[in-house]
Amino acid sequence: MKDWRFFFAEQRGTLLALLIFVVMFAIYGGNHPAHFSANVIQTAANKGVLLAFVAMAQTFVVLTAGIDLSVGMIFILCSCLASYVVVGTPLESAGGLVLVLLVGLACGAVNGIIVVFGRLQPIVVTIATGAVFFGLALWLRPNPGSTKGFNSDLADAFTGKLFGVVPASLVTLLVVVLVIWVPYRRSVIGRAAYAVGSSEVAAYMSGVPIRRAKLVAYTLSGLLAALGGLFLTFFTYSGEASLANGNTYTLFSIAAVVLGGVSLFGGKGSAIGAIFGALAFRTIGDLLFVFDLDPLWQPLFQGVVLLLAVCLGAARLFQVRNRLDLFM
Amino acid sequence: MSTETTRPSEPAWRTLVRRLDPAVTIAFGCIIVLLLLGSLYSSNFLSPEYLLQQLKVGAFLGVIATGMMIVILLGQIDLSVPWVVTTGAMMACAAASYGPIGVALAIPFGILCGVALGLVNGFGVAYLRIPSMIVTLAVNAVAQGLMVVYTGGFSPQDSATPAMRFIATGTTILGIPNALIVWAIVGAMLIFLLSRTVFGRAVYAIGNRERAAYLSGAATQRVVLFAFALSGGLSAFAGELLAGYASKAAQSMGDAYLLPAIAAVVLGGTSILGGRGSYLGTIAGVILITLLQSILSVMQIAEFGRQIIYGVVIIGMLLLYGRDKAMR
Amino acid sequence: MDDGIALFHMEEISKRYGGVRALENANLTVQSGRVHAILGENGAGKSTLIKIMSGVVAPDKGRMALDGKDVSFADPAAANAAGIVCIFQELSLIPHLSVADNIVVSNPPTRFGMIDRRAQRRIAEEALARAGGEDIHPMALVQDLPLSRRQIIEIAKALARKPRLLILDEATSALTASDVAKVFSVLKRLRSEGLALLFISHRMHEIAEIADDCTIFRNGRNVATYKAGSKTDNEVVELMIGREYSNVFPSKPAPKPATGAPVLEVRNLSWTQRLTDISLSARAGEIVGLGGLDGQGQRELLLALFGVLRGVSGDVLIDGKPTKIGSPRIAKSKRIGMALIPEDRKTEGLMLPMSVMDNLSFAGLGNFARGGIIDRTAERRAAEAVIKLLEIKSDGTKVPVGSLSGGNQQKVVIAKWLMISPRIILLNDPTRGIDVGTKQEIYVLLRQLADAGAAVVLYSTDYDELIGLCDRVLVLYDGAIKRTLVGPEITERALISSALNIDVAPDASPRVLA
């Protein structure tokens, strides 16, 4: 049987993202003064995991051929909220944690409800809801900071190392993948999301539950963005309603998704690819650091690498023999 | 659009009514409602001085939205607006420090820089077939990187030329602000371009069905390239106006214009999927957004409240008329 | 037919789209264990009828009953649940999902809440086998498969839903003759199992082969229901179009002596593995047909001539001069004057939401523009002229072209290319899915264009067209020209045998050999 060939064809984007990440990280670790020490990996993991969560959030929506320009704002809002509610006793903190995730879920659901029942284009809806979410974040945290009694032990536990080696943030990411992504990918509703993204008309004709698929995708997207926000607060011990930060994460999440082999036209790719895309993208940003270059050059470097990376995707064009294939 | 010709048998008023796009009508209706609401708060809202002032402020957004609209009509999007605006402003100011020739060439030089960035966008979209969302994002990052390196991360010391200040802040006949006149000229040129030229027709055709446009022998790639170049040039020009308004360029001065520009175009009834929309609508959208921002700030609503109201109003208006057709 | 209650019954069903009446007081009764064919011109209401039956659109009024009980369907899923499954003309497969995913898409087998992939695979393989597609790998992505395979998957997908009433809307239009035979044997078996089948097709011989009952629709009403075989083809066609059906094809002129260089000449053209060493020529006044089974490279050949394909080897000569055609823009330029009426008018021929006028003038816009600025008076005059010439029926030139009927849309596609006064006209199956009346008008037009000096290259899946219209027919097989038929040699038997790449003994039936 040639089943495995079909499998690899399906996973090509994800595998490519993995490869890019491994190469980037090898260069990074190889040139880092401390090489691949547990601390280097922990720092890298903590930075990468933030974007990985937001990129996963973006993936859920992009797979349905939508786009969520509010992920960064949900991320910021949840971070600000977390700086208030993850306080006090372990039980109280846990309650706060759940509240943050529920708020993220609700934000995602709002996006989904407006897109599905309002029949509006996701890009404009999420621009607008993004403003609302940011407004709420600003209301919570007009100035950066955290509430007294912030549970920094909990934060440290999530950002530290398990058994002194494995970064806890990476473990959390893995658990999230196993508990949320894998079942989703194999569920009927996950299949429906892919179908909707690939061809909404065909999905409708086939009796696929389009509305439910989209609602669930947007809602899960909110949940993942909230997870990211939670981790941001774990790292910084505080919340900050930063417009620039929110926009950056939204934009980076799109970049990560594309690097991760998820098609912006929907129906193709996986959140695992997006995670590697996010990790690779983060590593690119840090490469300059290990080469001792002026940090002033970092934005330019990141931009140029991103531009080159997306141009590489155009290499397939040279194989196109029928120009009509260029127009989808 | 006024690509149509009048049927001789119809009375003029009826043609006018038939041509009125419901989106444009509602947008103008909302402007009037906003003004009336504002006048309940303060009679200043209906004074000519206030209205002219708003139109002048709106002109900056108007010029950017003009470029954005062409790109959206193609079914694409230009996310590079923030740093193309900034690049235009900074480069024009930079040129001004090179003696009288620099001062004279400041405006064309800034625009040229914007056109160059736009060409990169257009090349990526038209020839490399990269989704515009991602290529313009990358170009935005590159432009940001270039400007950060150029300025060393600080606000540049060069100031705007007298010509830039004159266009942005001066008035000519009857106290009409020059910025408004500039917007009117830019708008008139775009209306002509869209309704009377082969290029304009091709823009609509590509936005509706690129495949069919290509098979009809349209120069689709050149049209897309030119459209993005135009958008880049207009963004850079708007940046120069903003620099003239504030007498100098600043980091991230363009950040506040991306989402309002998209919102203005979409509120004006242009389909985010491309192929449909009129410039009259964009004018309405720009005025609407400008008024909304102004009224919220005059009423001294805190920033967070402004963000929330802003988002809710956009969603509310789109729900009024921007909805896609139901599937059945 | 005698057990009293019909499986499905609809009564006085009406549906309007905006101001357009699609169905008016339509009635239909479908019995189990029979194949019921629906005939009618395009725009007669067939599509609307089945969309209502399968829950895609809701009727404005009227009632439907299943097993004598009133029903209404909120969406296709509800209709499926009731046992009504439709195979649509526009494919409803999801391109990025695998064949197996697609077959079970509406109701995947689950275990512990997750999709059971093993069960899914089993269901898919069973369904594929029943639909005659054993050779299709269940894990292949649908987007990588050719049209005819996809159609088989559509049928497999429908069967996997265990339908009681199966609707086939032009389900065979993309199939090759041997695939049609396979599908028909499947359908006959399903009929013997007690399924009701509703069969929509424009191919008369298919209806003759499989239908038990027929209902003819015209202008949104059912005008006649009869037992298959009880009416002659001519009677049927008259009922369909409501007027006399005669002289479908214009008469062919006597062959002219070849003088000078042909307008279009192709020498040894090859492209990837799909086209091999193709040589042909078309002279002014000639209609050259491309025949063969579907998917033998005819579409690619037309695209290659029109400058769409990359990496084409061989020579193209225009008026005897070697010419390089690198894009449709060059192909339509004055010195070449080539036009292509593409395969799919909805995605390749037209910008559906744009106005009739914008569509008509788009290809020839250069003619009305100076320095890139459009002369709108000239544009309108030219558009009105072709509208009159082709008798395009629309509610003015400003309505979206998508609001026109299929036949009139196709006329717009042809008309927009007449705007450049083409000397070479390439057509890719221009009458697929078009009603009889419009077909006839198109035939006459093509002959007129040829007589006026154009060279016409016509690919058609309809053998009657090749026989009735073409001066010469090149039969393609596997990307190469297998045979050239001239004048009286163009017969159904010759076309079919060379299409299948076999030599037919004088009395053997090609269908049996296939």
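Residues numbered from 1 in each chain as written. Chains lettered and ligands numbered in written order. Predicted model: local features only at pLDDT ≥ 70, side-chain atom pairs only at ≥ 80, totals over all residues.

## Details of the overall build of chain B
Broken down by element type, chain B carries 13 helices and zero strands. Of the regular secondary structure in chain B, the N- to C-terminal order runs α-α-α-α-α-α-α-α-α-α-α-α-α. Relative to the compact-globule value of 20 Å for 328 residues, chain B shows a C-alpha radius of gyration of 20 Å, a close match. For chain B, the proportion of its 328 residues judged to be buried stands at 57%. (Helix = DSSP H or I, 4+ residues; strand = E, 2+ residues; numbered from the N terminus. Rg over C-alpha atoms; globule rule 2.2 N^0.38 Å. Buried ≥ 20, exposed ≤ 12 C-beta atoms within 10 Å, placed from the backbone.)

## A word on the overall build of chain C
Regarding its fold elements, chain C presents 18 helices and 24 strands. For 514 residues, the compact-globule formula gives about 24 Å, and the C-alpha radius of gyration of chain C, at 24 Å, lands near that figure. Referenced to the eigenvectors of the C-alpha coordinate spread, the extents of chain C come out at roughly 70 × 50 × 50 Å. The proportion of buried residues among the 514 residues of chain C is 50%.

## Some details on the sheet that holds strand β13 (residues 264-271) of chain C
Residue and element names in this part refer to chain C. Spatial ordering of the open sheet is given by β14-β13-β16-β17, a layout of four strands whose pairing is antiparallel. Lying at the two open borders of the sheet, with one neighbouring strand each, are β14 (275-282) and β17 (321-322). Here six bridges tie β13 to strand β16 (residues 312-318), and the two strands are oriented antiparallel to one another. Within β16, the position partnered with L264 by the bridge is I318. On top of the sheet, helix α9 (residues 298-305) reaches β13, β14 and β16; it is set at about 65° to β14, its chief contact. (Pairing = 2+ DSSP bridges. Contact = placed C-beta atoms within 7 Å. Axes fitted to C-alpha atoms, helices over the stretch in contact; angles between N-to-C directions.)

## Observations concerning unusual backbone geometry
All names here are of chain A. Phi is positive for R119, which is not a glycine, with a value near 50°. Along the chain, the position of R119 falls in the loop between α4 (90-118) and α5 (122-140). Residue class for R119 comes out partly exposed when judged on the 15 C-beta atoms lying within 10 Å of it.

## Here's the deal with the packing of helix α3 (residues 48-73) of chain B against helix α8 (residues 178-196) of chain B
Residues and elements named next belong to chain B. At a minimum axis separation of 8 Å, α3 and α8 run at an interaxial angle of 30°. On the basis of the axis angle, α3 is roughly parallel to α8. For the pair α3 and α8, the crossing hand works out as left-handed. Contacts between α3 and α8 involve L55, K56, A59, F60, G62, V63 and T66 from the former and A179, L180, V182, W183, V186, G187 and L190 from the latter. Of the residues that constitute the contact of α3 with α8, the class distribution is ten nonpolar, three polar and one charged. (Parallel < 35°, antiparallel > 145°, perpendicular 65-115°, else oblique. Left-handed = near helix turned anticlockwise from the far one by under 90°. Nonpolar A, V, L, I, M, F, W, Y, C, P; charged D, E, K, R; others polar.)

## Structural notes on the confidence of the model for chain B
Scored by pLDDT, chain B comes out at a mean of 87, with 92% of its residues at no less than 70. Below a pLDDT of 50 lies the segment residues 1-8 of chain B, which in the model reaches eleven contacts outside its immediate sequence neighbourhood of four places, other chains included. (pLDDT = per-residue confidence, 0-100.)

## Section: helix α17 (residues 492-499) of chain C
Across the eight residues of α17 of chain C, six count as buried, placing the element largely inside the fold. Taken together, the buried positions of α17 of chain C are A494, L495, I496, S497, S498 and A499 of chain C.

## Describing the nonpolar core
Ranked by size, the top nonpolar core spans 401 residues in total, and within it I64 of chain B together with L426 of chain C carry the most contacts. Apart from the residues lying within four places of it in its own chain, the contact partners of L426 of chain C are L302, L305, F306, M338, A339, L340, I341 and V457 of chain C. (Core = buried A, V, L, I, M, F, W, Y, C linked by C-beta atoms within 7 Å.)

## Observations regarding the interface of chain B and chain A
For an interface, size is often stated in terms of accessible area lost upon the parts coming together. On the chain A side, the residues contacting the 45 residues of chain B number 42 residues. At the level of elements, α6 (132-151), α9 (198-215), α11 (258-267) and α13 (303-321) of chain B are the ones that each hand at least two residues to the side of chain B that touches chain A. In terms of residue count, α6 of chain B provides more of the side of chain B that touches chain A than any other element does, 13 residues in total. Considering only residue class, the side of chain B that touches chain A consists of 31 nonpolar, eight polar and six charged.

## Digging into the interface of chain C and chain A
With 28 residues of chain C at the interface, the matching set in chain A holds 24 residues. Every element with two or more residues in the side of chain C that touches chain A is listed here: α2 (76-82) and β8 (114-115) of chain C. It is α2 of chain C that contributes the most residues to the side of chain C that touches chain A, three residues altogether. When grouped by side-chain class, the residues that make up the side of chain C that touches chain A number 17 nonpolar, eight polar and three charged.

## Observations regarding the pairing of strand β10 (residues 196-200) of chain C
The side chains of a regular strand alternate between both faces of the sheet. All names here are of chain C. Of all the five residues making up β10, five are buried; the element is thus mostly covered by neighbouring parts of the structure. Burial along β10 is two-sided: A196, L198 and I200 and L197 and F199, pointing in opposite directions, are all buried. Strand direction decides the pairing type here: strand β3 (residues 35-40) and β10, joined by four bridges, are parallel. Bridging across to β10, A37 finds its partner in F199. Judged from the five bridges that link them, strand β9 (residues 165-169) and β10 form a sheet pairing that is parallel. Counted as the bridge partner of D169 is I200 from β10.

## As for the confidence of the model for chain C
All names here are of chain C. Residues at a pLDDT of 70 or more form 92% of chain C, whose mean pLDDT is 86. Every residue in residues 504-514 scores below 50 in pLDDT, and together they form 15 contacts with partners more than four places removed in sequence or on other chains. Both confidence scores are given for the complex: pTM 0.83, ipTM 0.85.

## Here's the deal with helix α14 (residues 406-418) of chain C
Residue and element names in this part refer to chain C. Over its 13 residues, α14 runs 19 Å from end to end, which matches the ideal 18 Å to within 8%, given 1.5 Å per residue. Here α14 lies mainly inside the structure; twelve of its 13 residues are buried. Along α14, the residues classified as buried are G407, N408, Q409, Q410, K411, V412, V413, I414, A415, K416, W417 and L418. On its buried face, α14 is in contact with β18 (338-341), α11 (345-349), α12 (356-362), α13 (376-390) and α15 (436-451). (Expected span 1.5 Å × (residues − 1).)

## Observations concerning the sheet that holds β9 of chain C
Residue and element names in this part refer to chain C. As summarised here, the arrangement of the six strands in space is β6-β9-β10-β3-β11-β12, forming an open sheet in which the pairing is mixed. In this open sheet, the two edge strands, each paired with only one partner strand, are β6 (84-87) and β12 (221-227). Within the sheet, the average angular offset between the axes of one strand and its neighbour, ignoring direction, is 20°. This element, helix α1 (residues 46-53), spans β3, β6, β9, β10 and β11 (213-218) of the sheet and lies at about 150° to β9.

## Thoughts on the environment of G145 of chain B
Mapped onto the secondary structure, G145 of chain B falls in helix α6. Taking the C-alpha atoms as reference points, G145 of chain B and L46 of chain B, 99 residues apart in sequence, are found 44 Å from one another. Leaving out residues up to four positions away in the same chain, G145 of chain B has contacts with P299, L300, F301, Q302 and G303 of chain A.

## Focus on the packing of helix α4 (residues 117-130) of chain C against helix α5 (residues 147-160) of chain C
All names here are of chain C. Between α4 and α5, whose axes approach to 8 Å, the crossing angle comes to 115°. Of the two elements, α4 crosses α5, and the hand of that crossing is right-handed. Along the contact surface, α4 presents I123, A127, L128 and R130, while α5 presents A156, L159 and A160.

## Points about the pairing of strand β4 (residues 61-66) of chain C
All names here are of chain C. Pairing analysis gives five bridges linking strand β1 (residues 8-17) to β4, with the strands arranged antiparallel. When the sheet's bridge partners are listed, H9 is paired in β4 with A65. The pairing of β4 with strand β5 (residues 69-71) spans three bridges and is antiparallel. By the bridge assignment for β5, L66 is matched with K69. Linking β4 to β5, which pair antiparallel, is a turn of two residues; within it D67 sits at a positive phi near 55°.

## Overview of the environment of I392 of chain C
Within the fold, I392 of chain C resides in the loop between α13 and α14. Measuring from C-alpha to C-alpha, the distance between I392 of chain C and Q409 of chain C comes to 8.4 Å, with 17 residues separating the pair along the chain.

## Concerning the environment of A140 of chain C
For A140 of chain C, the position within the fold is in the loop between α4 and α5. Along the chain, A140 of chain C and E235 of chain C lie 95 residues apart, while their C-alpha atoms are 46 Å from each other. With sequence-adjacent residues up to four places away left out, A140 of chain C is seen in contact with F6 of chain A together with S98, V99 and L145 of chain C.

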